[in-house]
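Descriptive analysis of the structure
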Amino acid sequence: MARFNITRFLDSLSSRSIVRYIVYSCSVAFFFALILIPPILGIVLKWNTMADIFGNSSLMSRAISAIYASFAIALFVSFIDVVAGLPMAWFITRGGFKWLKSLDTLADIPFIVPTVALGYSLLLFWSDPKQGISSLFGSSLVSRGWLLVILLHFAFSYPVVVRVMVGALLDYKREYEEAARTLGAAPITADRTVTLPILKTALIASFILALARSLSETGATIMVAGAFENGPIFISKLKTAQEPGYEGALVFVSFILIAISCIIFVTIMLLGQRLKMPIKKVWPVAERKLSSSGVTNLRNSMSLLVFFFLVLIPSLFVALPAFYAITNGTLNQAVTGAGIWREYWQSLILSYSVGAIATLLNTIIGLPMAVLIARRRLGTAFSSILDVLVNIPLIIPSIALGISLSIFWKNFQSMPEIGLLIFVHLSITYPYLVRSMTAAIERVNTDYEEAARTLGGRPFTVFRTIILPLTKYSLIAGAVMVFTRSVSETGATLAVTKLKTAPVLLVGWVKPFLANPSTAPVNSLEIGLGCGILVLFSFIILLVLRLFSRGKGMY
Amino acid sequence: MPEVRLVNVTKKFGKIVAVENANLQIHDREYFSLIGPSGCGKTTLLRMIAGLVQPDEGEIYIDDRLVTSIPPEDRGIGFVFQTYALFPHMNVWDNVTYGPRVKALESKESERIGREMLEMVRLFERLDAFPSELSGGMMQRVALARALSAGAKLLLLDEPLGALDAKIRHELRYELRRFVKDLELTGIHVTHDQAEAMAISDRIAVMRKGKILQVGTPQELYMTPQHIFVANFIGESNFLEGYVSKLTEKESTIELRGGLLVRALDKTHGEGEKVVVAIRPEILVVEKGKKGGVNSIFGNIEGFRFEGTNVRYEIRLENGDLVVVVRPALMAEWLDVGEKVTVSFPIEKSFVFTYPERGLKRELALE
């Protein structure tokens, strides 16, 4: 008897168009049923509770100012991130130094480090009077509050902008810029009138991603905010306090956050493309001066300074207490799992398991979706609509999404909390892999596929042997983003469950410590070590994946 | 008066030497072509003249002005890219007036230039169109109009016809020459197509592996190739290996494989030296039957192709060498495959080269 061969079986299945349609339809159905509908439906189900908050004017004004703070900070920070990240991306791709490549990798660090660790690190760096920059002044340089929130959001959104713009600049055909130069344009004029307008889509994308990240972040923001409240902090405080009528306020704030995010997103998507950059006017003398090597060097140095002193060093500052913890024996305690560490390791295992499950499930349901969008398999119009819809979980503030999801799934009594946790992580991380893979597949020339088909490859084989190897880099990048996003996730986790993932646990450690260090159950070295281990593990995972994906695939 | 002079110009990309010690003088109002197989360094050379690539060594002069460290925007050049590089976010008008605009000319002046250039390339009525809406030939003409709009007197063309269909390529190449001549420009044209270069250039430089092998008019390159690679790259050649068996004051006798003797007007190679005799296919005369005479070799027709203008024979000589003979199709009676023939050529019409150290095949290789 011939051995059953799974590849051949899938191959023969994939030859039938009905099977392909079933696969595509299932991926669409999963998307709607698990990812898109529940967060929207949850709020609709509790629509009537919203009346509560309208009677409570003090709660209402708190809610309004929290919502306002969320969007003001997100818009401001994203703008600054683009302004600071763009020259850095430029420097990395055009600087012409070898060491810039390692800088490119360093720029990813704030992205892979779970944001709570980042938050604690920034807190130490900026406002601990005994450590960091503040030790030079003897008192907190930046105390907890809105300024520190801005610094934090700037640091963790910065790598998104750099990552997107480096990619766009590498793809960009330099000939356009060269043509402008030969026509008499100074470098800055060429950049401004030719390169930037051509890269507009990438600029908009980087702005939106930075915006989304800032709107969603919860855990780290709670640590550094002090008395300051934005949307996610307000929601998490309401949830903890459970004052009477809090549910209406939760629904109200979540609804407003979701609605405004969607409006901003759609506005930017629609208007951004039509936005004309001012390219008609040219100032030859001034722009020539701006293009001089002196100004360029100054700009590059400024970019490096911003990167090191506002992003990298604050982000990695937690290494210092972690290092002390290693030397003074705290590490031994941690390794043996004594006291608080038992819970720590459990939370770490929970975080990584949920992350792995979310990554796996999202790969399975996301890959057909990416193919179907990139290749317009269910019609151009439908594919374009899906292309926009898959972004929604990305732009909705995750704590609002969590609130809505928990309301939705509570209707299913039998749902265990761990299931709820996985669902919410699935929802939040879904866009990362699909977006990354859609973009990559779109760039694979259909000729390759057609060549493979004419050589006798069946659809599944073609996907397995042509598309997947060529897009391997993006698949891994997408999977890493899903995984790190899941491990970082705090807001939605707080909203849906009492289970303690690593970031939730760390927020729980930090809060009493900040309130009163002497009575807090966990001391600063332990928190530092807790964050440090999380950072280290993230590094190891990234490194392993980099090694796996090195030099393979094109996109 | 754009005159371009390159002195000992060298450019390396890592370990690869793209251009090695190039010396070149391009005259004012000349249509000059740089040709060679892909990867020979011709585009790098052009980009160095434009200032898009910095040479590692050497100097470049435009109009006797040392421009080596001057950025492209200040060199007073027009550059047409192989892919045209028309700005995708601007329409034809904005593309063509980009040069005057970044030089901050008055808007009236910019408009006058834009109008003039577009009328010149007969695309004025398409000024609202975006590049993506134009055909290849139109894009090429817009690219040309744009390159000239900045008022440059030196036009650099990087494979400007490479992306076009054969027929349009043919038409546009004469148009390119006409523009350069009418506007009294100096044109430097990079191409891998020797027929294109021959058809439109005043002079041509043949490059291979970063080195300029020979510079000359099309006639010079064709009639007196100084390098065996040039004899093969410009036009076509048959190569017969042998050694000089006798050298007199007037000529030399070369013994080919199989002891065949041919005479050539060559005195540069000493007796006993290993050489290659190159003969153009269109120089060879074919006659039926066995005929005697100077430089006559017997052979057998192995292949015949009708190519339109010409017919092409592949003939196995009696010593086993294979030669190609091209005759005008309508001038003579065609011979059949299998026919015994005599192939002959005048003694003054062959070139004799020293046998290349690396072997003939490697010396002629295009890659």
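Conventions and cut-offs
- Residues numbered from 1 in each chain as written.
- Chains lettered and ligands numbered in written order.
- Predicted model: local features only at pLDDT ≥ 70, side-chain atom pairs only at ≥ 80, totals over all residues.
- Helix = DSSP H or I, 4+ residues; strand = E, 2+ residues; numbered from the N terminus.
- Contact = placed C-beta atoms within 7 Å.
- Pairing = 2+ DSSP bridges.
- Axes fitted to C-alpha atoms, helices over the stretch in contact; angles between N-to-C directions.
- Domains from an automatic or database assignment.
- Nonpolar A, V, L, I, M, F, W, Y, C, P; charged D, E, K, R; others polar.
- Buried ≥ 20, exposed ≤ 12 C-beta atoms within 10 Å, placed from the backbone.
- pLDDT = per-residue confidence, 0-100.
- Parallel < 35°, antiparallel > 145°, perpendicular 65-115°, else oblique.
- Left-handed = near helix turned anticlockwise from the far one by under 90°.
- Expected span 1.5 Å × (residues − 1).
- Core = buried A, V, L, I, M, F, W, Y, C linked by C-beta atoms within 7 Å.

**Thoughts on the overall build of chain B**
- Along the backbone of chain B there are ten helices and 20 strands.
- Principal axes of the C-alpha set define a box for chain B whose edges measure 75 × 45 × 35 Å.
- Counting only contacts in chain B whose residues sit at least 6 apart along the sequence, the fraction spanning at least 24 positions is 64%.

**Describing the sheet that holds strand S6 (residues 77-80) of chain B**
Residues and elements named next belong to chain B.
- If you walk across this open sheet you meet the six strands as S6-S7-S8-S3-S9-S10, and the pairing is mixed. The sheet is open, and its two edges are formed by S6 and strand S10 (211-216), each paired on a single side. When the angles between neighbouring strand axes are averaged without regard to direction, this sheet yields 15 degrees.
- Summarising the sheet, strand S7 (residues 154-158) and strand S8 (residues 186-191) pair through five bridges and their orientation is parallel. Pairing of Leu 154 across the sheet is with Thr 186, part of S8.
- Relative to S6, helix H5 (residues 136-149) is tilted by about 165 degrees, and along the sheet it contacts S6 and S7.

**Quick word on the sheet that holds strand S5 (residues 65-66) of chain B**
All names here are of chain B.
- The sheet built from four strands is open, its strands ordered S2-S1-S4-S5 with antiparallel pairing. Each end of this open sheet is capped by a strand with a single partner; those strands are strand S2 (16-26) and S5.
- Bridge count between strand S4 (residues 57-62) and S5: two bridges; the pairing is antiparallel. Bridge pairing links Tyr 61 to Leu 66 in S5.

**Quick notes on the domain arrangement of chain A**
Residues and elements named next belong to chain A.
- Per the domain assignment, the segments making up chain A are domain 1 (21-55 + 335-555) and domain 2 (57-246 + 279-317).
- For domain 1 versus domain 2, the distance between C-alpha centres works out to 23 Å.
- Elements supplying a minimum of two residues to the side of domain 1 that touches domain 2: helix H3 (51-54), helix H21 (392-395), helix H22 (398-410), helix H26 (472-488), helix H27 (491-496), helix H28 (502-515) and helix H29 (524-549).
- Broken down by element, the side of domain 1 that touches domain 2 gets its largest block of residues, six residues, from H29.
- Tallied by class, the residues present in the side of domain 1 that touches domain 2 amount to 19 nonpolar, six polar and one charged.

**Quick notes on the environment of Leu 256 of chain B**
Residues and elements named next belong to chain B.
- Note on placement: Leu 256 falls in strand S12 (residues 252-256).
- A residue is classified by how many C-beta atoms lie within 10 Å of it, and Leu 256, with 19 of them, is partly exposed.
- Contacts of Leu 256, omitting those with residues within four sequence positions, involve Leu 240, Gly 242, Val 262 and Asn 319.

**A short note on the interface of chain A and chain B**
- Of the residues lining the interface, 17 residues belong to chain A; the matching set on chain B comes to 21 residues.
- At the level of elements, helix H9 (174-182) and helix H10 (187-198) of chain A are the ones that each hand at least two residues to the side of chain A that touches chain B.
- Sorting elements by how many residues they give to the side of chain A that touches chain B places H9 of chain A first, with seven residues.
- A class-by-class count of the residues in the side of chain A that touches chain B yields eleven nonpolar, three polar and three charged.

**With respect to the confidence of the model for chain A**
- Mean pLDDT over chain A works out to 86, with 98% of the residues at or above the 70 mark.
- Across chain A, the element-wise mean pLDDT spans from 77 in helix H6 (residues 109-112) of chain A up to 93 in H9 of chain A.

**Section: the domain arrangement of chain B**
All names here are of chain B.
- As assigned here, chain B comprises domain 1 (4-231) and domain 2 (236-364).
- The C-alpha-based centres of domain 1 and domain 2 are spaced at 38 Å.
- Listed as interface residues are four residues of domain 1 and, on the opposing side, eight residues of domain 2.
- When grouped by side-chain class, the residues that make up the side of domain 1 that touches domain 2 number four nonpolar, no polar and no charged.

**Quick look at the packing of helix H4 (residues 57-94) of chain A against helix H8 (residues 146-171) of chain A**
All names here are of chain A.
- Between H4 and H8, the shortest axis-to-axis distance is 7 Å and the interhelical angle comes to 45 degrees. By the angle between their directions, the pair H4 and H8 is classed as oblique. Where H4 crosses over H8, the handedness of that crossing is right-handed.
- By residue class, the composition of the contact of H4 with H8 is 20 nonpolar, five polar and one charged.

**As for helix H19 (residues 340-374) of chain A**
- Counted at 1.5 Å a residue, the expected span for H19 of chain A with its 35 residues is 51 Å, and the 48 Å between its end C-alpha atoms agrees.
- Phi turns positive, to about 55 degrees, at Arg 376 of chain A, one or two residues after H19 of chain A.

**Here we look at the environment of Asn 300 of chain B**
All names here are of chain B.
- With respect to the helices and strands, the residue Asn 300 is situated in strand S16 (residues 296-306).
- Separated by 33 residues in sequence, Asn 300 and Glu 333 have C-alpha atoms that sit 17 Å apart.
- When residues no more than four places from it in sequence are discounted, the contact partners of Asn 300 are Ile 315, Arg 316 and Lys 340.

**Regarding unusual backbone geometry**
Residues and elements named next belong to chain B.
- With phi around 50 degrees, Ala 85 is a residue other than glycine that occupies positive phi space.
- Secondary-structure assignment places Ala 85 in the loop between S6 and helix H2 (92-96).
- With 25 C-beta atoms counted inside 10 Å, the residue Ala 85 sits in the buried group.
- With a phi angle near 55 degrees, Ala 104 is a residue other than glycine that sits in the positive phi range.
- In this structure, Ala 104 sits in the loop between helix H3 (98-102) and helix H4 (107-120).

**Looking at the nonpolar core**
- Among the nonpolar cores identified, the biggest contains 151 residues, and Tyr 120, Leu 122, Val 253 and Leu 506 of chain A are the most heavily contacted of them.
- In terms of residue count, the dominant contributor to this core is H8 of chain A (15 residues).
- Summarising the domain contributions, this core has at least three residues from each of domain 1 (21-55 + 335-555) and domain 2 (57-246 + 279-317) of chain A.
- Not counting chain neighbours up to four residues away, the residues in contact with Val 253 of chain A comprise Ala 63, Ala 66, Ile 67, Gly 231, Phe 234 and Ile 235 of chain A.
- Judged by nonpolar contacts, the second largest core, of 106 residues, contains Val 9, Ala 197, Leu 240 and Leu 317 of chain B.

**A few points about H9 of chain A**
- Most of H9 of chain A sits inside the fold, with seven of its nine residues counted as buried.
- Among the residues of H9 of chain A, those classed as buried are Tyr 176, Glu 177, Glu 178, Ala 179, Ala 180, Arg 181 and Thr 182 of chain A.
- Buried residues along H9 of chain A sit in contact with H10 of chain A together with helix H1 (42-50), S6 and H3 of chain B.
- A positive backbone phi angle near 110 degrees is found at Gly 184 of chain A, which sits one or two residues after H9 of chain A.

**Details of the pairing of S16 of chain B**
Residue and element names in this part refer to chain B.
- In this sheet, strand S19 (residues 340-344) lies alongside S16 in antiparallel orientation, the contact comprising five bridges. Bridging from a neighbouring strand, Phe 298 pairs with Thr 342 of S19.
- Judged from the seven bridges that link them, S16 and strand S17 (residues 310-317) form a sheet pairing that is antiparallel. Note that in S17 the partner of Ile 301 across the bridge is Ile 315.
- Counting the residues in the hairpin turn of S16 and S17 gives three residues, including Gly 308, whose phi is positive at 100 degrees.

**Quick notes on the pairing of strand S14 (residues 274-279) of chain B**
All names here are of chain B.
- Among the six residues of S14, five are classified as buried, and the element is accordingly described as predominantly covered.
- Pairing geometry for strand S11 (residues 238-247) and S14, over six bridges, is antiparallel. Within the sheet, the bridge partner assigned to Tyr 243 lies in S14 and is Lys 274.
- Sheet analysis places S14 next to strand S20 (residues 351-354), joined by four bridges and oriented antiparallel. Paired with Val 276 across the two strands is Phe 353, which belongs to S20.

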